[in-house]
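Letter by letter, the chains look like this.
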Amino acid sequence: MSADPEADRISAVDKALSDWRQGDCVLGEHWFVHRVDPSVGLTDAARAAAEAGTDLAETAEVGLVVVTQTCDVVRECKRRPFVEVSPLVTLDEDDFHTVERGRRPNSALVPALADRRLVADLDRTMTVEKSVVAGWQRVLGCRSDDETRRFASALARKRERFAFPDDFTALAKRLTARLADKHDRTTAEGHALRSLREIRVRADPSWDAQIIELMFWFVQDTGGDSVTGQKDHLSSWLGLLPAGGRFASVLGQVAALEDMTARDYVDSDPLDLDHLSSREHGGTEG
C-alpha cells in the first residue's frame, strides 16, 4: 500500500471497473432513486414520496444494467467518476417477445438474461458513482460482439429515432400493420420478414420538399435465398404504399447490405420496426 490511502482506494475502483462493459448487470434487490413532484403523484412512488414528505422516490428493482458506453465505464474514475444505469424489469412472455423483436424502443433486450425475461427499462436512468459499481457483483449482459452491438443499437434507437412527417406515417400505416401481423407467421412471407435486417426509406430531395420521391430498401444482412424470397413479396409490400399527396412516387428494392452504397445508407432513415428479428422461430399459421 502506498503512502496515499485515497489514491489506493481510487486505484482499487479503477481496477474493479476494468472488466465492466455496457450491458453488464447487477442482480438482486437494488434501489432506484428518481426525482418526483409529490403534489402531482403520477406514479405510486411519487405518492409514497408525498406521504414521506420528500421529492425523492425510491423503488426496489430486481437489478440494474449499465447503459454508459464501455469506453467511459473503464476510463479512470478521477476523469469519469459516474456511470448511468437503468433498472431491469421482468416481462410476461408476450411483452418480452415484443421487446425481443425491437418493437418497444423504451426497452432493451439484455441477451444473457433472456431466459429470465429481464429487459432494461430505458425510460428510467440513474447516475451512480463508480465506487458504488465497484462493490457490485458483475453479471455479464452480452456474450458476443454481435450481442454488444445489438444492445448498443437498442440504446441508440431510444434517443435517435427519426421523426417521420405525419403524412408519411399515414402513408406507411398499411405496410407497417401488415409487417407486424405477418412477421411471426409460419408462411413464406413470415420467413421473409424474419430474414430482414432492417427497412430504410429515403425522401428525395428531402422530407421538407413539396414533391417527394420515396425509395424503400428492405435490407438483408447477406444475399442468397433470403433476398430471393423477399423479392417475391416486394410488389405486395409496395402495393400498400400508394403514391399521393406530396409523395409523387414510391419505389422499393430488396437488397443485401453489400448491394447498397454508403450514400444510400446514410441518406435513408430506418423505420421504427426496422428491427424485425432476424432470429428464426416458429409462429402462428396463416
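Quick note: structure is the one above.
A quick note: this is a predicted structure, and the numbers were derived from the prediction, not measured.

## Topic: the overall build of the protein
Point 1. Helices and strands together make up the secondary structure of the protein, namely ten helices and ten strands.
Point 2. Structurally, the protein occupies a C-alpha span of about 70 × 45 × 40 Å along its principal axes.
Point 3. A separation of at least 24 residues holds for 73% of the contacts in the protein among residues at least 6 apart in sequence.
Point 4. Per element, the accessible surface of the protein, about 15200 Å² overall, is 48% carbon and sulfur.
Point 5. Counting 37 positive and 50 negative side-chain charges, the protein places the averaged centre of each group 1 Å from the other.

## A short note on the pattern of salt bridges
Point 1. Within the structure shown, the criterion is met by 19 salt bridges.
Point 2. The salt bridge involving Arg-178 is made with Glu-189; its shortest N-O contact spans 2.8 Å. Here Arg-178, found in helix 7 (residues 166-182), pairs with Glu-189, found in helix 8 (residues 188-194); they are eleven residues apart in sequence, far enough to count as distant.
Point 3. Among the residues examined, Glu-189 registers a relative accessible area of 8% and is labelled buried.
Point 4. Each of Glu-61, Asp-121 and Arg-124 takes part in salt bridges that share partners, so that together they form one network.

## Overview of the sheet that holds strand 8 (residues 212-220)
Point 1. Spatially, 9-8-7-10 is the arrangement adopted by the four strands of the open sheet, whose pairing is mixed. Each having just a single partner strand, strand 9 (247-256) and strand 10 (269-270) make up the two edges of the open sheet.
Point 2. Along the sheet, helix 7 makes contact with strand 7 (196-204), strand 8 and strand 9, crossing strand 8 at roughly 25°.

## Some thoughts on the pairing of strand 2 (residues 56-66)
Point 1. Relative to strand 2, strand 1 (residues 25-35) runs antiparallel, the two sharing nine bridges. Following the sheet pairing, Val-26 is matched in strand 2 by Leu-64.
Point 2. Pairing of strand 2 with strand 3 (residues 82-90), which is carried by three bridges, proceeds in the antiparallel orientation. Within the sheet, the bridge partner assigned to Val-66 lies in strand 3 and is Val-85.

## Describing the packing of aromatic side chains
Point 1. Summed over the entire model, instances satisfying the criterion amount to ten aromatic pairs.
Point 2. On the numbers, 5.9 Å between centres and 40° between planes, the contact of Phe-162 with Trp-207 is tilted. Of this pair, Phe-162 sits in the loop between helix 6 (145-160) and helix 7 while Trp-207 sits in the loop between strand 7 and strand 8; the two residues are 45 residues apart in sequence, bridging distant segments of the chain.
Point 3. Centroid distance Phe-164 to Trp-207: 5.3 Å. Interplanar angle 75°. Geometry classified as edge-to-face. Of this pair, Phe-164 sits in the loop between helix 6 and helix 7 while Trp-207 sits in the loop between strand 7 and strand 8; the two residues are 43 residues apart in sequence, bridging distant segments of the chain.
Point 4. On the accessibility criterion, Trp-207 (11% relative accessible area) is buried.

## With respect to helix 2 (residues 44-52)
Point 1. For helix 2, the set of buried residues is Ala-45, Ala-46 and Ala-49. For helix 2, the buried positions fall inside an angular range of 100° around the axis, keeping them on one side. Seen from the open side of helix 2, the exposed residues pointing more than 90 degrees away from its buried face are Asp-44 and Glu-51.
Point 2. On its buried side, helix 2 packs onto strand 1 and strand 2.

## Describing the nonpolar core
Point 1. Of all hydrophobic cores here, the largest spans 26 residues; its most connected members are Phe-168, Leu-175, Val-201, Trp-207, Leu-214, Phe-216 and Phe-218.
Point 2. Elements supplying a minimum of two residues to this core: helix 7, helix 8, strand 7, strand 8, helix 9 (225-239) and strand 9.
Point 3. Membership of the second largest hydrophobic core comes to 15 residues, among which are Val-13, Phe-32, Leu-64 and Cys-77.

## As for the layout of surface pockets
A water-sized probe, rolled over the atoms, reveals where empty space remains.
Point 1. In this structure, the second largest pocket spans a volume of roughly 200 Å³.
Point 2. Around the second largest pocket, the lining residues are Val-67, Thr-68, Gln-69, Asp-72, Glu-84, Ser-86, Leu-122, Thr-125, Leu-155, Ala-156, Lys-158 and Arg-159.
Point 3. Within the residue set of the lining of the second largest pocket, elements represented by two or more residues are strand 3 and helix 6.
Point 4. In terms of residue count, the dominant contributor to the lining of the second largest pocket is helix 6 (four residues).
Point 5. Residue composition of the lining of the second largest pocket, grouped by class: four nonpolar, four polar and four charged.

Cut-offs used in this document
- Every chain is numbered independently, its residues counted from 1 as its sequence is written.
- It should be noted that, the model being predicted, local features are given only for residues of pLDDT at least 70 and side-chain atom pairs only at 80 or more, the latter also being counted only at that level, while totals for whole chains, interfaces and linings use all residues.
- Only hydrogens and water are set aside when side-chain values are computed; all heavy atoms of the structure are taken into account.
- In DSSP terms, a helix is any run of H or I states spanning at least four residues, a strand is any run of E spanning at least two, and both are numbered starting from the N terminus.
- Only heavy atoms matter for contacts: two residues are in contact if any of them lie within 4.5 Å across the pair.
- Each accessible area is a Shrake-Rupley result for a 1.4 Å probe, and residues are judged covered by the shown protein chains and nothing else.
- The charge count treats Lys and Arg as positive and Asp and Glu as negative. His and the chain ends do not count.
- Here the site of a charge means atom NZ of a Lys, CZ of an Arg, CG of an Asp or CD of a Glu.
- Any Lys or Arg side-chain nitrogen found within 4 Å of a carboxyl oxygen on Asp or Glu counts as a salt bridge.
- The buried label goes to any residue with under 20% of its type's maximum accessible area, the exposed label to any with over 50%, and the partly exposed label to all in between, with areas taken from a 1.4 Å probe on protein chains only.
- By the convention used here, strands pair only if DSSP detects at least 2 bridges between them.
- Axes here mean lines fitted to C-alpha atoms, for a helix over just the part in contact, with angles spanning 0 to 180 degrees between N-to-C directions.
- Stacked, edge-to-face and tilted labels apply to pairs of Phe, Tyr and Trp rings (six-membered ring for Trp) whose centres lie within 6.5 Å, assigned for plane angles under 30 degrees, over 60, and everything in between, in that order.
- Note that the arc is defined by the directions from the helix axis to the C-beta atoms.
- Throughout, nonpolar core names a set of buried Ala, Val, Leu, Ile, Met, Phe, Trp, Tyr and Cys residues whose side chains join them through atoms within 4.5 Å.
- Cavities and pockets are found on a 1 Å grid laid over the protein atoms alone: a cavity is a set of points where a 1.4 Å probe fits but cannot escape, a pocket is an open set with protein on both sides within 12 Å along at least five of seven lines, and a lining residue has an atom within 4 Å of such a point.
- Grid points are joined across faces, edges and corners, and a volume is the space filled by probe spheres set on the points.
- Gly counts as polar in this scheme, as do all residues outside two lists: the nonpolar Ala, Val, Leu, Ile, Met, Phe, Trp, Tyr, Cys and Pro, and the charged Asp, Glu, Lys and Arg.

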